[in-house]
Every structure is written in structure tokens, then in C-alpha cells.
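Chain by chain, the residues:
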Amino acid sequence: MLNYIFRRIGYMLVTLAIISVVGYLIVELPPGSYVEFEIQRLRQQGGNLSQDQITALELRYGLNDPIYVRFWKWISGFVRGDFGESFQYRQEVKDLIGQRLMFTISISIFSLLLAWGIAVPLGVYSATHRYTLPDYIITVLQFLGLSIPSFLVALVLMVFAQRTLGQQVGGLFSDQYQTAPWSVAKFIDLLAHLWIPIVVIAFGSTAGLSRIMRANLLDVLGMQYVQTARSKGLTENVVIWKHAVRNAMHPLIMILGGSLPGIISGETVLAIVMNIPTVGPMYFTAQLNQDLYLAASFLMFLSILGVLGNLLADIALAWVDPRIRYE
Amino acid sequence: MNQTISSTSDKAASILEGEDIILKVRDLHTYFYTDIGVARALNGVNFDIPRGKVMGMVGESGCGKSVTALSIMRMVTKPGRIVQGDIALFRKKKGGENDKSQIIEEINLTKLEGMGPVMRSIRGAEMSMIFQEPMTSLNPSYTIGDQIMEAILLHQGVDKVEAEKRAINILDGVGMANPALVVKRYPHELSGGMRQRAMISLALSCTPSILFADEPTTALDVTTEAQILDLMRDLQGRINMTIIFITHNLGVVAQMCDYVTVMYLGRVVEQATVDDTFYNPKHPYTSSLLRSIPHVGSRQKERLMPIRGVVPDPYSAIKGCPFHPRCSQVMRGKCDAQVPGLTVVGKSHTVRCFLYSDTVEEASNVR
Amino acid sequence: MTETVQPLPQTPPPAENQNLFDEPVSDVGDLSQWQLMRIRFSKNKLAMLGIWGMLIVYIVVFLGEFIAPNWYQFQDTEYVFGPPSPVTFIGPDGRFGLQPYTYATTTVLNKDTFAFEFAVDETQKIPISFFVQGDEVSVLGFKTKLHLFGLKDTKQRFYVMGADGLGRDMFARILVGGQISTTVGLFGVALSIILGSVLGTASGYFGGIIDDVMQRIIEVLGAFPQIPLWAALAAAMPDISENFTVVHRYFLITIVLSVVGWTGLARQLRAKVLSYRSADFTQAALAAGSSDARIILTHMVPNGASHIIVIAALGIPGMILGETSLSFLGLGILPPAVSWGALLRDAQQVSVVVQHPWLLIPAGTVVLTVWLFSLIGDGLRDAVDPYSI
């Protein structure tokens, strides 16, 4: 088992190395540089930069170095924990992303828990009651869930919260708690703001997950060992939950590992609509403004999260499936 | 619940002379309602199973052998359904210490709920089943011990320690080497032969009176097959178990069975002792089956005779005798018009064919 | 008990069996895999709903300029954020009839807020006519002034779904926007299929180094969050100009969508090809001396074709949603082109949606289209596996 985990970690490091190169290239891909944006901004405000000033800026950000030098500067700093400075905010990247990452991770985890809590029983019910009216209704709802863009659900829920519940939506805190120190009331206020994104993200993944659960379970229910379990005289509940569901979980766990990037994507759009200070919107503007170190660090962190998710899924898979453990 | 099936049970009640009948199947219809039509897997199956004997069930693929076993076990799942028929189980009440006072209780299994408590208490304890594929018939996520103990814990009301002891005992009994170690192993760590032994232990864990063996050796190599067959025969003798041995291997039938039931397209066409089946087959289908396999001592120049045509798919509704389109002795206007009824042609020997009598099967109204 | 009868001494000679088979035998056993798929698919009510629904959507969307009463670019500065025009079947005489009417709308200055508000003049009923002359539009390349319905009185405009912030007809914009939104998925998936099937097949069939490299690439692409990746690629596109028209951008967007989307398909095809490679029919072909190309083209492709179709059908909804999200964020389709996602940009603020809820209608059409495509995809998947219970 330990051997297996070490091997997986090795793979992960290789993947991360490739990701850092590709990610950096992607961030650098759009034409123009931050200095050009800065010049444009100043010109719009009526000012201008002299050639000396431009050269000074370019030197400061190392924009005239060849790309591999710039990459090396960034990645060697990143590994040491020095993520560089944001051009736009003129602040250490480290100070900018900490809290945002925390919000992103907590929203992701809560919505995953919610989605799994609903999707697994729903998929099991749907598979064991195939071609009955409830199955048809669940199927139609699942497709609707897959068809509705997350920002639309968010908009609808926000309108609902604002009109019916009289709740102030958007952001993470109500005005009075914005700068207040942490307290129970502030935490409750946070939850009141977070429920919409959590529900919205869970809504989309529930539909997909329960659909997959249904298909897997239908496959497993056709397996011989399910008949064996029935032939022992077990109740149908034991046959399904102990013998079938456990084996139908494998693809779901694999999907769980790969679902983090998808959740972060959905959350990006959602956070822009809802004005939540998570990673998504900041990365998005950093990317558009060529805020190199900020964007590259974000991309790297998100990828690390994704790869880590895969690693955890692999370990979980080995835990439920003895065949993988002894591989 | 314990309703008798008097209406049909008198007919051919004691075909198998001098045998104590443990299972009586009458007019069994099992249909599968699929997207592309209704597959009539069983189309009026009738037969008796003698207690403590080995009954072979033969026929080409798709003739309904396995579905018959699943129907009796009440394990036919959607979209399949038993639409008509009776299955009577004559169960010996295990009456305490003085085993002499054996009361035989008749239970009509088709009247029970398939997943209901009574059927579940019969399944696994009274009847159990071994499947064709030892590779897939054990759950990959649990150890061998867990899977055997599950049945023991369910039916025998013992604690885990005792259950494990019994599981090891049974594994030992089926000739598994190192049983104390094997209980901790997962199925994928065992070879095919070992898995089938484990599966047999699982099926025998509660000493059932009826065992359905659905082609238990098809997936195994010849040496392992011989070992498993020996083992089954041996166990059958030891605990006086009834075995219904489903196979399309006539060699295995000759080696294992006391009686043979020949099925074709969801019907029983002939039932006889193993000797009669091989040396005095009556139904043209049985004869063709026998002619299609080589046997030792046959003359060199004699050719094997494959049966003409293929088994029609079960979605077809064939009028008359199901075998008539392939039969070499078909009588036009008779075989293709009516279903032949049961004819007794010898001691414990019945056949359904118009060559031997004009008895017509009463039409059964099936939805 | 039936009587025992001695076997008949003489049996008739084997009959010639030509006409033995003309029994009422079902032909299920003789059907090819594709025929079985078609039967199963056409029996799936939800899938058929998807097929017919999409057909209607495509017809309506591509005849959109003709169906809508106004040209989608026409701006009525008097009717900025105007609400949907009311429709009634009660004529000026107060009687119910088949002739639909709309009311005249006027602008009223609200004395409290000093904002213009729209008021419906209930006394003035204007008949809605069919096949009327209106703005000149181009329908599928043909220039015409004819519209399916509208008002003969050109002073009044008829806005079934209200107007946007520039006073343009939302109905016309939704129909025309649909032309991009419903096709971007098809092109995107087609490209993904080409990329995914070539790379996936190569990876699965040849294995070794090719497979390792491909697996790493797929893993890396899979580890990036999709939207940021799209954002980066879309941000790298040049601005709309003479040399880079909306059409170029449209095709580049489909390329961006498929560059990100091919990995899933490649992974699934690789798994399929791997299982085919060890299948008996491949071994038989190898033993017979077939070339790699022949094995792939004549043995694997026909077997995998149904799966490719299913994966493609299931991939379309994701592509449509991807375009919607990209355009919603301002990275996809840009004005003057319209797509549903681009229309939804106006509905980004909750306050706007609360005031002008009709701006959310394009979201409804996105949901409908994606839903119909999902039904088709799921129906295909069920149909491909004919022996599943």
C-alpha cells in the first residue's frame, strides 16, 4: 500500500513539473505585457511614460529576459515559497491569495459533500427502480440539472434570496461584519452568504454524479456476484448496498479526484456573478491584465489542488478495491 | 402460503418410479419483457426432481436451463417475470433431535414473494446455486471468508467466531489447501479452480437440500473440472443432497447424473434415467444431440451429425412442437399445429413427441 | 396419466426443409447491430422528444430573421429596456376572436423618480398581421422584407420578448443568437472527435512511448480548470478587425473549446482500443497478416463507431454550455455577432435581472437546447448497448 502511494506521488511530481511549464506558457500566451497595459492605462488618464521610465519598468519586471529565464525566475521562487509580486496590486502574491484559496477550498469541499450526499442515494434509487415513474422523473430532473448553467441557478437563487428571504446577497459578509473580528455571529453571516454558491455548485454536480451512479449500478447489478449474494438469501437492501453499491463506487471515486478543476471552473463564473472573493475572479482579471506572477501562481495552485485530488482519489480507490492495493 | 398444487400435481405424479420427489415444476412460464419484444424463455416447463439424486439438465445454449434454475430460486429479476406456473418444494422439516419423525411440508414457491422473508429463508439454506463463471461469481471487494460467513451468519444464528470456524471447516471439506489462510484472501488472489471450490463452499455452507449447479466446470480446465466433479459427487453422497446439474456437456452428464432432463426452447422434451437417455433416446432432439458428439468406440468412418439449423431466438412464437422446424421426422399438419403432450414410454421415461402418441398439450392461457 | 404407446415402427423420411422455416418467426435474431440500435432508439420516448425538439429548434433559429418581426440590430431608442408587448385575443369590439391584438405603448415620465416608464394604452388595440413587410433582413442568404408576423403600422414596434438596453428586439436577437449557439457545439465536437479519435486510437493501439506522452498530456490538460484555460486561450485572440472578423473568431472559439475538450474522448477511445487490441478478432486479423492501418480501419473503427457517436452526442451539451460561459464572461462571441451567452452578458447583475426579467430568456433557450441534446445523447447510449437489460 505504502509502495503504491509513493509511486503515485512520484507520478504527481512529474505531472506538476509539466504543468508548471505549460501553465506558464498559457499565462504568457496572450499578446502584450503588463507594462503595455500600464502605459495604456496612464495614457487614458492623460499621462504618459517616457522611454526611460518604460525601460525601468521593463527591467524591474525582467520583461526583456528570454522566456526561459523568466520561467526559471518564477518557478525557482515558487518552489521556495516566494511567489513574486503582483504588478497590479503591488503586493506580494502570497498575501493576496491565502484567504481566497481558503474560501475556494471550503466552498468546493462543502458542495462536494452536499452533492455526494444527495447523488449516491438518488442514483441508487433510480437504478433499482429503473423504468418506473420516479426513475423517469429523476432522469428528467437530472438532465435539467446538467443543462442549466451554474450562473443561471445562482442568479435565480439570488433573486429568490433577495426578494423572498430579504437577504443581502453577493459577497461573503454583510456590511456590518465586513471588518469586524471573527465571532459566532460573523460565522453565521458567512454561512448565510455561502449557502447559495454551495447549493449552486452542488446542484450541477449532483445531476452528473447521480447519473453516473445510476449507470454504474446498473452495470454492477448485472454481475454474477450480485446473483450470488441473492442466492444466499440476503435481503434486497443488503444485496444492493453491501454488494452492488460498493463495487459501483469505483468510477465515482475516480471522478471525484478529477472533479476539482471542474468545480473551480464553475465557481469562477459563479464568483464573478455573485461577487465572492474566491480564487476564480482574481485569477481571471490577472490573466486578462497579464499580471504574470499572480496568474501563474494561481494556475499552479489550482493545478496542485487538482492533482492532489487525483492522488487522494487513487488512495481511496486502493482502499475500497483490494485488487488495486496488491497491484 | 403452503398451498398445494392439486390441479396439476396428479398428472404425471409418479413418473419417476420409486423416487421421493423433492421438487415438482408444472407449466412454468418465465418471460422477459425487453425493449425489442417479449422473450419467452420458459414456455411451459414440467418436470420432477427426485430427492437425493443428481438430475442433469441439458440442451443447447438459450434453451432455458439457467432461467429454469433462476425461476425456481425465485431470482428472476426485471425485466423477467414468472408469468404462470407452479413450483412445489417438498421440504423435510428438520424436526429436532429425533430425526425419524420427518414431516414433509409442501410449499408452492411461485405463490411466495421473490424477495420476501419466506423465500429468503429458503434461499441459501434450503436451496443454493453455483454459477458458471467462478471468476465473476464472487464479490471482488470482500474476502472469501466474509462471503461464506455471510450466509452462515444469516441462516444459522451463530456468532462470528463460530461462523469463521465453520467456514474454514467447509473450505477444508471441499479440499481447499490452507483453508485458514484462504478465508482472509480476496477472490482475485485465487485461481479459477480455487474460486470454484470457494463458491461450492459458499453454496454448501448451510447444507442445502437442493443445489443448482449452473455449468460449474465450463470455465475450468480439464484436470480441475475432473476434481470439481469428483468433489461434487462425493459431497452429494455424503450429505444426501439433490443436485440439479445444468450443462451442455453430455460427457459430464454421463459421469455425474442419475436422471436427465432434456430441454429445448423453453420446454422439457424428454426426461429419463441416464442410461435410457444415452442408450434409448426417444425424442428426435435427444437423438440428434447424442449424434452430434463424438464417443469413444464409435466406428472410424462414422461422421458426426450436427443438428440442422440453429435454435430460433426466444422472441419467436413457434406454433406446435418447438423442435419441428429442425426435426428430421417432422409430420406436417401435426407437429406444426399442436404442442405434443406428455407420453410415458418406459420406466421413469417420458417424452413429448407425436411419434409416440397423439396426446396434445392442453393450451395454457398465458398473458 | 397418458397411455404408454410403442414407438411407431416407421417414421416419415426427412422432409425437404425449404419451407419449414416459413413459420411466424420473429426476426430479432437476424437484425444487425445498427438495426437493433435504431429500434431501441426509436422506442425511447425521451430520445425521440430530443430529436424532434432539436429539429424544431434548428428550423426556428435558422429562419429566425423571417420569424421575428424586427431586424435583430434595429435599435428603437424610444424603447430601451421596454417590456414584452402584451398580446390579447379580445378585439376592440370586446369580443374574443382568433385575430391577435397588441396594445400601443407610450412613455410616461414618472414625476417621483424622474425616470421614463412604459405605459400600456389599453384603449388602443393594434392588430397583429401575418406575412407583413418590415425591416429588410437576410434569411439564409436571401434578402427579404417579409416577416412571419408583425404590425402593419410601422410607427409602433412589436417586441414579443421585450427590448434590451439599446432598444433591440430580444426575440429577434435570441433567434439569431441561436444560430451560433446551436452550431458551436456541433463544430466543437466534430473537431474534438477528430483530435480525440486520432490521438486516442494511436495512443491505445501503439502503446509504449506514444501512449505515455499522450497520457501525460491528457493528465496535464485535465488538471487545469477549464474556464481559466479557455479564458487564457480566448484572451490570446486578436481583437475584431477587418482581418479578423466575427466569423474567424467563431471558428477560433470552437477550436479553443475542442482543444480543451478532446481529452475526455481520447481517454475513452484509448480504453476501447486497448480492449479491442486484445480481442480475438484483432488477434485473428494480425495472424492473417493484416497491416496496422487495416486493423484499425476495418476492424476497430466499425466496432468503436457507435461509441464515438455516443461520446460525441454527450459532448455537445458541454460545448454549448462552454460557449455560453465564455461569451457570458465576454471572452467568446463579441458584438456585432450575437449568441445566447453574449445576450446573457446583459443579465449579469442581479439588480438588472430583478428589474428586467426578460433579459434572462436566453438562459431558458440554452437550458432547452442542452436538455434536448442530452436526451438524444442518453438515448443513443442506451441504444448502443443492445444486450444490456
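See the structure shown above.
Residues numbered from 1 in each chain as written. Chains lettered and ligands numbered in written order. Predicted model: local features only at pLDDT ≥ 70, side-chain atom pairs only at ≥ 80, totals over all residues. Heavy atoms only, no water.

Let us look at the pairing of strand S8 (residues 242–246) of chain B. Residue and element names in this part refer to chain B. Where burial is concerned, most of S8 is hidden: 5 out of the 5 residues are buried. Residues Thr242, Ile244 and Ile246 of S8 are buried on one face, and the alternating residues Ile243 and Phe245, pointing to the opposite face, are buried as well. Inspection of the sheet shows strand S3 (residues 54–58) paired to S8 by 4 bridges, in the parallel sense. Looking at S8, one finds that Val54 is bridged to Ile243. Note on the crossover from strand S7 (residues 210–214) through helix H8 (residues 222–239) to S8: the handedness is right-handed. (Buried < 20%, exposed > 50% of the residue type's maximum accessible area, 1.4 Å probe, protein only. Helix = DSSP H or I, 4+ residues; strand = E, 2+ residues; numbered from the N terminus. Pairing = 2+ DSSP bridges. Right-handed = clockwise from strand over helix to strand, strands pointing away.)

So, about the interface of chain C and chain A. With 41 residues of chain C at the contact, the number on the chain A side is 43 residues. Looking at the side of chain C facing chain A, the largest losses of area belong to Phe224, Val350 and Trp371 of chain C, adding up to 15% of the total buried there. The tally of links from chain C across to chain A stands at 1 salt bridge. On the surface where chain C and chain A come into contact, there are 2 residue pairs in polar contact (both at pLDDT 80 or more). (Contact = heavy atoms within 4.5 Å. Buried area = accessible area lost by both parts, 1.4 Å probe. Salt bridge = Lys/Arg side-chain N within 4 Å of Asp/Glu carboxyl O. Polar contact = N/O pair within 3.5 Å; in protein donor to acceptor, adjacent residues only side chain to side chain.)

With that out of the way, let us pick up the environment of Ile148 of chain B. Following the sequence through the fold, Ile148 of chain B ends up in helix H4 (residues 144–156). A sequence separation of 70 residues divides Ile148 of chain B from Thr218 of chain B, and the C-alpha atoms of the two residues are 23 Å apart.

On to empty space enclosed by the protein. Residues and elements named next belong to chain B. Taken as a whole, this structure holds 7 cavities of 30 Å³ or more when the rule is applied. The volume enclosed by the second largest cavity comes to roughly 70 Å³. Contributing to the lining of the second largest cavity are 13 residues, with Pro284, Cys321, Cys327, Cys335 and Cys353 lying nearest its centre. (1 Å grid on protein atoms, 1.4 Å probe; cavity = no way out; pocket = protein on both sides within 12 Å on 5 of 7 lines; lining within 4 Å. Points joined across faces, edges and corners; volume = space filled by probe spheres on them.)

Now for the sheet that holds strand S4 (residues 80–92) of chain B. Residue and element names in this part refer to chain B. Here we have 4 strands laid out as an open sheet, ordered S2-S1-S4-S5, and antiparallel in their pairing. In this open sheet, the two edge strands, each paired with only one partner strand, are strand S2 (37–50) and strand S5 (104–108). Pairwise comparison of adjacent strand axes, ignoring direction, gives a mean angle of 10° for this sheet. Alignment of strand S1 (residues 21–34) against S4, held across 8 bridges, turns out to be antiparallel. Each residue of the ladder has a partner; that of Leu23, found in S4, is Leu89. The sheet contacts of helix H2 (residues 65–72) involve S1, S2 and S4, and relative to S2 the element is tilted by about 70°. (Axes fitted to C-alpha atoms, helices over the stretch in contact; angles between N-to-C directions.)

With that settled, consider the packing of aromatic side chains. Tallied over the entire structure, the rule returns 19 aromatic pairs over all chains. Note on Tyr205 of chain C and Phe206 of chain C: the rings are 5.1 Å apart at their centroids and 85° apart in plane angle, and the pair reads as edge-to-face. You can call Tyr205 of chain C buried: its relative accessible area is 8%. Ring-pair connections join several aromatic residues into one group, and the members of that group are Tyr24, Phe71, Trp74, Phe78 and Phe301 of chain A. Over the aromatic face of Tyr142 of chain B sits the side chain of Arg246 of chain A, whose NZ or CZ is 5.1 Å from the ring centroid. (Phe/Tyr/Trp six-rings, centres within 6.5 Å; stacked < 30°, edge-to-face > 60°. Lys NZ or Arg CZ within 6 Å of the ring centre and 35° of its normal.)

Everything listed is a geometric property; what it means functionally is a separate question.
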